[in-house]
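Given next are the chains, with one letter for each unit.
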There are 2 protein chains.
Amino acid sequence: MADKDISQAVISRLPRYFRYLGDLKEKGVERISSQELSDIMKVTASQIRQDFNNFGGFGQQGYGYNVNYLYDEISKILGIDKQHSLVIIGAGHLGQAIAGYTNFTRRGFVFKGAFDCNPDLYGTKIRDVEVRPVDEMEDFVRKYNIEIAVLTIPKEQAVPMAHKLVECGIKAIWNFAHVDLDVPNNIQVENVHLSDSLMKLSYNINRYENPNNSPSK
Amino acid sequence: MADKDISQAVISRLPRYFRYLGDLKEKGVERISSQELSDIMKVTASQIRQDFNNFGGFGQQGYGYNVNYLYDEISKILGIDKQHSLVIIGAGHLGQAIAGYTNFTRRGFVFKGAFDCNPDLYGTKIRDVEVRPVDEMEDFVRKYNIEIAVLTIPKEQAVPMAHKLVECGIKAIWNFAHVDLDVPNNIQVENVHLSDSLMKLSYNINRYENPNNSPSK
DNA sequence: TACACATTGTTAATAAATTCTCAAATATAA
DNA sequence: TTATATTTGAGAATTTATTAACAATGTGTA
């Protein structure tokens, strides 16, 4: 955990490399240089090389990078060469959107269960998985040793639910509730705060339209 | 646009400040010091002061910050003191989740239209708004002068759709498709790449479990 | 096989972001 | 009213991230 720490800035860029490499792979491209990748991705070649070097460097002088090899290595780094079990807590539209997104399955995220507190949803199915009452979550997570919980519930319920999940031995929470969770730091949390994202967009619209409403410095 | 540029790192933190200030406001807290806010938010007091100072500084020595005032100022900076019109392109679960999220409305994002290419959805309603055929999008966006388009469609369709939107005079795109859009830089784009976020989570799980699979340096 | 060329990995330089420090300003209590 | 305690805003110091430079190493060709 505490060895050669790699900054989250680097980690954040890996999925994007992975996406572009996947595209290249599909196109049948065998090799690529950092410069070529730089042109496609609009980041500096230097950054690409620096990023890969955090993990030892996967290229070869005079040749570049082998697309397939690099793709596989990144998938190992990201841990998507293994399967991860996942439950969705909150089977509303957002929960269903995520559950139904088949690409996640392709990346090894296996959707095992869905829970909600709305009785109307009990027994309805999302991709062969039955929606269960949320009280059954604890037993289910323990029994099947679920790794990841996707929290798509209102923020008021998110905090107590996170605590319950931690008690059941969950390893990670993908949090869509608009609240910061306070969990032990052996539990991984990744927040998706959609409203934050939308506000950023709003800022940039505003900024572009009224460039001169900045402080009098 | 090109005056006292504020870094996107700062902008990214504003919505979180805004969220915490909203909570404080609701609790009836009138004033707060950067140190108190630091304790609550788990960021350094110095960063809080530095961030606010980018916009001129809203506090007073010996007193701290007035919660209501600061809240209002941040909402102005973020441009959420004004209304923004918005259409959703792709009325699947994700599109519906976003359209249905009433908090956005509260923040001034007014949901005006929804479009899809699935005839089964035409005429169905999402919060009083009828789902229309996607061919009608262009006229609609032009006619009602829509500012923001939310792209919740598959990546193959996202790129041509973005081009169409730009032609219709859209100002900003909130992009949920797993692809990078290439639009003129007067168009604001905010990406929400969910699979990237999930991969980051996967990395951190992996990292925590196998701390020693780092390169031999 | 030998030589020119390409391209990485790595170190150094630069830029950006964060944290520290403290004088100046204000609030509050005596 | 004055003295003391707070707390900001701003500049300096530090840390982190990004970009540039180039020697080392391999590729591909004649």
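From a predicted model like this one, the values you see are computed outputs, not experimental measurements.

Attention shifts here to helix H1 (residues 8-26) of chain A. Between the first and last C-alpha of H1(A) there are 28 Å, a value that for 19 residues agrees with the 27 Å anticipated at 1.5 Å per step. Listing the buried residues of H1(A) in full gives Val10(A), Ile11(A), Leu14(A), Pro15(A), Tyr17(A), Phe18(A), Arg19(A), Tyr20(A), Leu21(A), Gly22(A) and Leu24(A). Contact partners of the buried residues in H1(A): strand S1 (31-32), helix H2 (34-41), helix H3 (45-53) and helix H4 (67-77) of chain A together with helix H9 (194-209) of chain B. Phi turns positive, to about 85 degrees, at Gly28(A), one or two residues after H1(A).

This paragraph deals with the pattern of salt bridges. Applying the stated criterion across every chain, the model contains 18 salt bridges over all chains. With a shortest N-O distance of 2.8 Å, Arg16(A) and Asp180(B) are connected by a salt bridge. Taken as a pair, Arg16(A) in helix H1 and Asp180(B) in the loop between strand S8 (172-175) and strand S9 (188-191) lie in two separate chains rather than in one. A network of salt bridges, in which partner residues are shared, links Arg16(A), Arg19(A), Asp180(B) and Asp196(B).

Okay, the interface of chain A and chain B next. Facing 73 residues of chain A, the contacting portion of chain B comprises 73 residues. Of the roughly 6700 Å² buried where chain A meets chain B, counting both sides, 60% is carbon and sulfur surface. Three residues, Leu198(A), Met199(A) and Tyr203(A), lead the burial of chain A against chain B; their summed loss comes to 10% of the area buried on that side. Taken together, chain A and chain B are joined by 10 salt bridges. Close ionic contact of Lys171(A) with Glu209(B) constitutes a salt bridge, the shortest N to O distance being 2.6 Å. Counting across the interface, chain A meets chain B through 31 residue pairs in polar contact (both at pLDDT 80 or more). Going through the elements one at a time, H1, H4, helix H5 (93-99), strand S8 (172-175), strand S9 (188-191) and helix H9 (194-209) of chain A are the ones with two or more residues in the side of chain A that touches chain B.

Quick look at H9(B) now. With 16 residues, H9(B) should cover 22 Å at 1.5 Å per step; its first-to-last C-alpha distance of 23 Å lies within 8% of that length. Among the 16 residues of H9(B), 14 are classified as buried, and the element is accordingly described as predominantly covered.

Right, let's talk about the relation of the copies chain A and chain B for a bit. Turning chain A through 180 degrees and shifting it by 0.0 Å along the axis lays it on chain B, with an RMSD of 0.1 Å. In symmetry terms, the pair is related by a two-fold rotation axis. Looking at the rotation axis and the C-alpha trace of chain A, the residue lying nearest is His93(A), at 2.5 Å. Interface overlap between copies: 100% of the residues of chain A at the interface are likewise at the interface in chain B, consistent with a symmetric, same-surface contact.

The subject of this paragraph is the pairing of strand S7 (residues 148-151) of chain B. Residues and elements named next belong to chain B. Residues Ile148 and Val150 of S7 are buried on one face, and the alternating residues Ala149 and Leu151, pointing to the opposite face, are buried as well. Pairing of strand S3 (residues 84-89) with S7, which is carried by 4 bridges, proceeds in the parallel orientation. By the bridge assignment, Val87 is partnered in S7 with Ala149. Bridge analysis of S7 against S8 gives 4 bridges, and the strand direction is parallel. Within S8, the residue paired with Ile148 across the bridge is Ala172.

Read across the open sheet, the 7 strands follow the order S5-S6-S4-S3-S7-S8-S9 (chain A); overall the sheet is mixed. Looking at the sheet topology across the chains shown, the edges are occupied by strand S5 (125-126) and S9 of chain A. In this sheet, strand S6 (residues 129-133) of chain A lies alongside strand S4 (residues 109-116) of chain A in parallel orientation, the contact comprising 3 bridges. In the strand pairing of S6(A), Ala114(A) is matched with Val131(A). Strands strand S3 (84-89), strand S7 (148-151) and S8 of chain A of the sheet are contacted by helix H8 (residues 155-167) of chain A, whose axis makes an angle of about 170 degrees with S7(A). Strand contacts of H9(B): S3, S4, S7, S8 and S9 of chain A, with the helix running at about 165 degrees to S9(A), the strand carrying the most contacts.

Bringing the packing of helix H2 (residues 34-41) of chain B against helix H3 (residues 45-53) of chain B into the picture now. All names here are of chain B. Taken N-terminus to C-terminus, the directions of H2 and H3 make an angle of 115 degrees; their axes are 8 Å apart at the nearest point. As H2 packs across H3, the resulting crossing turns out to be right-handed. On H3, the residues that touch Ser34, Gln35, Leu37 and Ser38 of H2 are Ala45, Ile48 and Arg49. By residue class, the composition of the contact of H2 with H3 is 3 nonpolar, 3 polar and 1 charged.

Taken together, 26 residues are adjacent to DNA strand D, and Ser46(A), Gln50(A), Ser34(B), Asn53(B) and Gly62(B) come closest. For DNA strand D, the fraction of protein-proximal atoms (within 4 Å) that sit in sugar or phosphate groups is 62%. Residue Gln61(A) places a side-chain N or O atom 3.5 Å away from a base nitrogen belonging to DNA strand D. In the environment of DNA strand D, a base oxygen lies 3.1 Å from a nitrogen or oxygen atom belonging to the side chain of Gln61(B). Only H3 of chain A together with H3 of chain B provide two or more residues apiece to the surface near DNA strand D. Of the residues forming the surface near DNA strand D, the biggest block, 4 residues, is contributed by H3(A). Taken together, the residues that form the surface near DNA strand D break down as 4 nonpolar, 18 polar and 4 charged.

Rules used in this analysis
Residues numbered from 1 in each chain as written. Chains lettered and ligands numbered in written order. Predicted model: local features only at pLDDT ≥ 70, side-chain atom pairs only at ≥ 80, totals over all residues. Heavy atoms only, no water. Helix = DSSP H or I, 4+ residues; strand = E, 2+ residues; numbered from the N terminus. Expected span 1.5 Å × (residues − 1). Buried < 20%, exposed > 50% of the residue type's maximum accessible area, 1.4 Å probe, protein only. Contact = heavy atoms within 4.5 Å. Salt bridge = Lys/Arg side-chain N within 4 Å of Asp/Glu carboxyl O. Buried area = accessible area lost by both parts, 1.4 Å probe. Polar contact = N/O pair within 3.5 Å; in protein donor to acceptor, adjacent residues only side chain to side chain. Least-squares fit on C-alpha atoms with pLDDT ≥ 70 in both. Pairing = 2+ DSSP bridges. Axes fitted to C-alpha atoms, helices over the stretch in contact; angles between N-to-C directions. Left-handed = near helix turned anticlockwise from the far one by under 90°. Nonpolar A, V, L, I, M, F, W, Y, C, P; charged D, E, K, R; others polar. Near = heavy atom within 4 Å.

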